[in-house]
Amino acid sequence: MSPGTAMAALSEEVLLVVKRVRQRKQDGTLYLMAERIAWGPEGKDRFTVSHLYADIRCQKISPDGKAKIQLQLVLHTGESTTFHFANESSSLKDRDATKELLQQLLPKFKKKANKELEEKNRMLQEDPVLFQLYKDLVVSQVISAEEFWANRLNMSSVDHAVSNNRQEVGISAAFLADIRPQTDGCNGLRYNLTADIIESIFRTYPAVKQKYNENVPENLTEKEFWTRFFQSHYFHRDRISTGTQDIFSECAKQDEKGLKCMVVQGVKNPMVDLLSLEDKTLDEGYGSSTAQSTSSSKQSLKENSNSAIIKRFNHHSSMVLAAGLRKVKLQEAIEYDDLQKDCRPRMVALNLKKSDRYSHGPIPLQSQHYSTTQDIINSINFIQHEMASYKPCLTQVMSSSAASSAIAALSPGGILMLTGVQQTINQLVPNDVQGELKHLYSAAGELLRHFWSCFPVNTPFLEEKVVKMKSNLERFQVTKLRPFQEKIQRQYLSSNLTGHLEEMLQAAYNKFHAWQTRRMMKKT
Amino acid sequence: MASEDEISLLVIVLDVNPIWWGQQAQREDEFTLSKCMDAVMVMANAHLVMSRTNKLAIIASHCQESHFLYPSKHWKAGDSCGDDSSSAGGDGKYEVLSVANKLISEEIRSLMARTEVKGHQTDTLMAGSLAKALCYIHRISKEIEGKVVIKAAEDCALQYMNFMNVIFAAQKQNVLIDACVLDSDSGLLQQMGLLLELCGIYLVSDLSCR
């Protein structure tokens, strides 16, 4: 909502009005509405300050005792607005009322905006290339932030499912032991429960979570629930279920049921199944009859408590295993690749026609020299004669001019060395120029991607977008490409580094003009 | 200048097909096998002078055999070089060079002298010479060496497969091959250069400009 909205045109519900609130040394009135907070100067008809609750990151208040009673709103963007409550009699009350209302309202709107912004921040932090792109395109106002994120967040919503599966932080096995109660002073214990601890308890004991959902807030308050929890025998080591008044006794029974289920299902992962590792023999010499575990009802008390502990341990372990099972790839664990038959990739068989051609290679088209036998004899005689008196005469091999011209040709820049120049362009161009060029390429690539994805243009939205993208490209060329070109010209880099970029942009412009002319022709 | 540890071995394979060279010498007087030998020797000397640790081998590719001109089997280190003081120390040259030159010229002379006339064997055994060169390199077996192939006569179709095998073996051994072809275009060496990217420089020297 733009700040200049007339107050009279409001259709929002106003939750709180606070008079005599100063902002930037101006007297005015503060309005808290359903979705935003706004302030207008005294006597004026318009709001000069208006913030959606979703945009507000947090509020701050001046400390008690200070003469000026203020409330500050800090936005996600980092901006802050300060309100000074100047009503002589009720400033503190006003400020506190405002604060409390904000405290209730802000969390409601916080989640939605925050999450998106967090997501964006995370993406920018994780990917330096993306961050650079953002800086190049959005900060220098080549395209708007919405356009930049339009495609990206779509992609990320697909990934969202994946990213949510990222590992959740585990709970230490001893976390319950860490909830050490403090003595209250009068024979009581004081447990300090934080949201983290509560979550950990819920994750470890899903039965407790279920009970919580059932009973709070209808039957019990949170405080009462947790009091009972810590009092219950469920929590304590004994775990021998006494009276049924304890709402947690059911939890114990549930746990036992769950455990029995798991035992019946058996351990899925044969790697961890200890039972299968035993040798199974049938009787003496043959095999074994599976021994039935007798559950005697005459267990002594001590055994009972032991078995209770062991049951709890097993239950916990089975839940840990269940969480890890998904990740273990059984195949990988069991099979050894190199012992298996070679599964070579299927190759296309070489189909040679006239395979004998390959044994003797290409035959030149010109006719072979046919030498008569006499020629051969003559030649050999000639050469033998020549070589019989051969004495090396090395000083006559090369004239100095021939030598120096050969050296010149082979020096850098010589005729024979020209191919070398192109190879070293990587070294000719300094690193910072290379870096800038890379950024230009990624920025241009991003814009071009947006542009080309508009075709075929068959909706009015795409029409608008393609026009906008074309102007974005032009703006990019002017604000980013031209200065870069001028800079490298000044640095006497003769090689044409930006020719290809310009070609790409030109291709886009050509396409745009073609499309535009076609559209005009259709209209006439 | 190469570093102290690096030993650089240069193997020159020289096509000394007597029939071709004989015909060549009859055609034009300017460029003869002698002159070619001189040029090769200059290059060999240059290589040996560059570093004390540089090594050299020259193989003559003949139609009857492939023969090592240098190092020679007959030469034992410290043997005959001290005897003939006039040839060795006469002009104050670096001894290795004078010894090498002497040996090479002796060998080429004897090689040519023992050429027999055999009508059907007129092709240079290039593939065989290259194979010998590779074996020698493998025997010496230090870092990457350079190798020069000088080919004079036309391609021989019969040796194609062998030639290709040798080229692939050279590629596996990371041996560089430079080729210098005199007079006629060698499709074989071109192919080798293009396909295997082994060739350093592929020059076709026009004999008339000599």
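Just so you know, these numbers come straight off a predicted model, no measurement behind them. (Residues numbered from 1 in each chain as written. Chains lettered and ligands numbered in written order. Predicted model: local features only at pLDDT ≥ 70, side-chain atom pairs only at ≥ 80, totals over all residues. Heavy atoms only, no water.)

Residue and element names in this part refer to chain A. One way to put it is that helix H16 (residues 431-452) packs onto helix H18 (residues 499-523) with a least axis distance of 11 Å and a crossing angle of 15 degrees. Here H16 is positioned roughly parallel relative to H18, judged by the angle of their axes. The hand of the H16/H18 crossing is left-handed. Of the residues in H18, those touching H16 at Leu437, Leu440, Tyr441, Ala444, Leu448, Phe451 and Trp452 are His500, Leu501, Met504, Leu505, Ala507, Ala508, Lys511 and Phe512. Its residues assigned to classes, the contact of H16 with H18 shows 13 nonpolar, one polar and one charged. (Axes fitted to C-alpha atoms, helices over the stretch in contact; angles between N-to-C directions. Helix = DSSP H or I, 4+ residues; strand = E, 2+ residues; numbered from the N terminus. Parallel < 35°, antiparallel > 145°, perpendicular 65-115°, else oblique. Left-handed = near helix turned anticlockwise from the far one by under 90°. Contact = heavy atoms within 4.5 Å. Nonpolar A, V, L, I, M, F, W, Y, C, P; charged D, E, K, R; others polar.)

Here we come to the confidence of the model for chain A. Residues and elements named next belong to chain A. Per-chain confidence: chain A averages 72 in pLDDT, with 61% of residues scoring 70 or above. This stretch, residues 156-167, has a pLDDT under 50; its non-local contacts, to residues over four places away or in other chains, come to six contacts. Scored below 50 in pLDDT, residues 237-245 makes twelve contacts in the model with residues more than four places away or belonging to other chains. (pLDDT = per-residue confidence, 0-100.)

Peptide bonds are, in most cases, trans, and in most cases residues other than glycine have a negative phi. In this model, Phe455 of chain A is joined to Pro456 of chain A through a cis peptide bond whose omega is -5 degrees. Counting through the fold element by element, Pro456 of chain A comes out in the loop between H16 and helix H17 (460-490). Backbone torsion omega between Tyr70 of chain B and Pro71 of chain B reads -5 degrees, so that peptide bond is classified as cis. Looking at the secondary structure, you find Pro71 of chain B in the loop between strand E3 (66-70) and helix H3 (85-89). The residue Arg20 of chain A is not glycine, and still its phi comes out positive at about 60 degrees. Here Arg20 of chain A shows up in strand E1 (residues 14-23). Here Lys25 of chain A, not a glycine, exhibits a phi torsion of approximately 65 degrees, which is positive.

Turning next to the sheet that holds strand E7 (residues 80-85) of chain A. Residues and elements named next belong to chain A. If you walk across this open sheet you meet the seven strands as E4-E3-E2-E1-E7-E6-E5, and the pairing is antiparallel. Bordering the open sheet on either side are strand E4 (49-52) and strand E5 (56-61), each of which pairs with just one other strand. Each strand axis lies, on average, 25 degrees off the axis of its neighbour in the sheet, ignoring direction. Two elements, E5 and strand E6 (residues 70-75), share five bridges in a ladder whose sense is antiparallel. From the neighbouring strand, Ile61 faces E6, where its bridge partner is Leu71. (Pairing = 2+ DSSP bridges.)

This brings us to the pairing of strand E3 (residues 36-41) of chain A. Residues and elements named next belong to chain A. Taking burial as the measure, the six residues of E3 include six buried ones, the bulk of the element. The two faces of E3 match: Arg36, Ala38 and Gly40 on one face and Ile37, Trp39 and Pro41 on the other face are all buried. Bridge count between strand E2 (residues 26-33) and E3: five bridges; the pairing is antiparallel. If you follow Tyr31 over to E3, its bridge partner there is Ala38. Linking E2 back to E3 in an antiparallel pair, the connection comprises two residues. Sheet analysis places E3 next to E4, joined by four bridges and oriented antiparallel. (Buried < 20%, exposed > 50% of the residue type's maximum accessible area, 1.4 Å probe, protein only.)

It is worth spelling out the environment of Ile37 of chain A at this point. Residues and elements named next belong to chain A. Among the structural elements, Ile37 can be located in strand E3. The spatial distance from the C-alpha of Ile37 to the C-alpha of Val49 is 8.2 Å, given a sequence separation of twelve residues. In this view, Ile37 contacts Leu30, Tyr31, Leu32, Val49, Ser50, His51, Tyr53, Ile56, Leu73 and Leu102; residues no more than four positions away in its chain are not counted.

Turning our attention to the nonpolar core. One broad rule of soluble globular proteins: the nonpolar side chains tend to lie buried together. With 37 residues, the main nonpolar core has Leu137, Phe148, Leu447, Phe451, Val466 and Leu473 of chain A as its most contacted residues. Looking at this core, the elements that each hand over two or more residues are helix H1 (91-126), helix H2 (128-139), helix H3 (145-164), H16, H17 and H18 of chain A. Once residues within four sequence positions are removed from consideration, Phe451 of chain A is found in contact with Val466, Met469, Lys470, Leu473, Ala508 and Phe512 of chain A. In terms of nonpolar packing, the next biggest core, distinct from the first, is built from 30 residues, Ile383 of chain A together with Trp20, Met41 and Leu103 of chain B among them. (Core = buried A, V, L, I, M, F, W, Y, C linked by side-chain atoms within 4.5 Å.)

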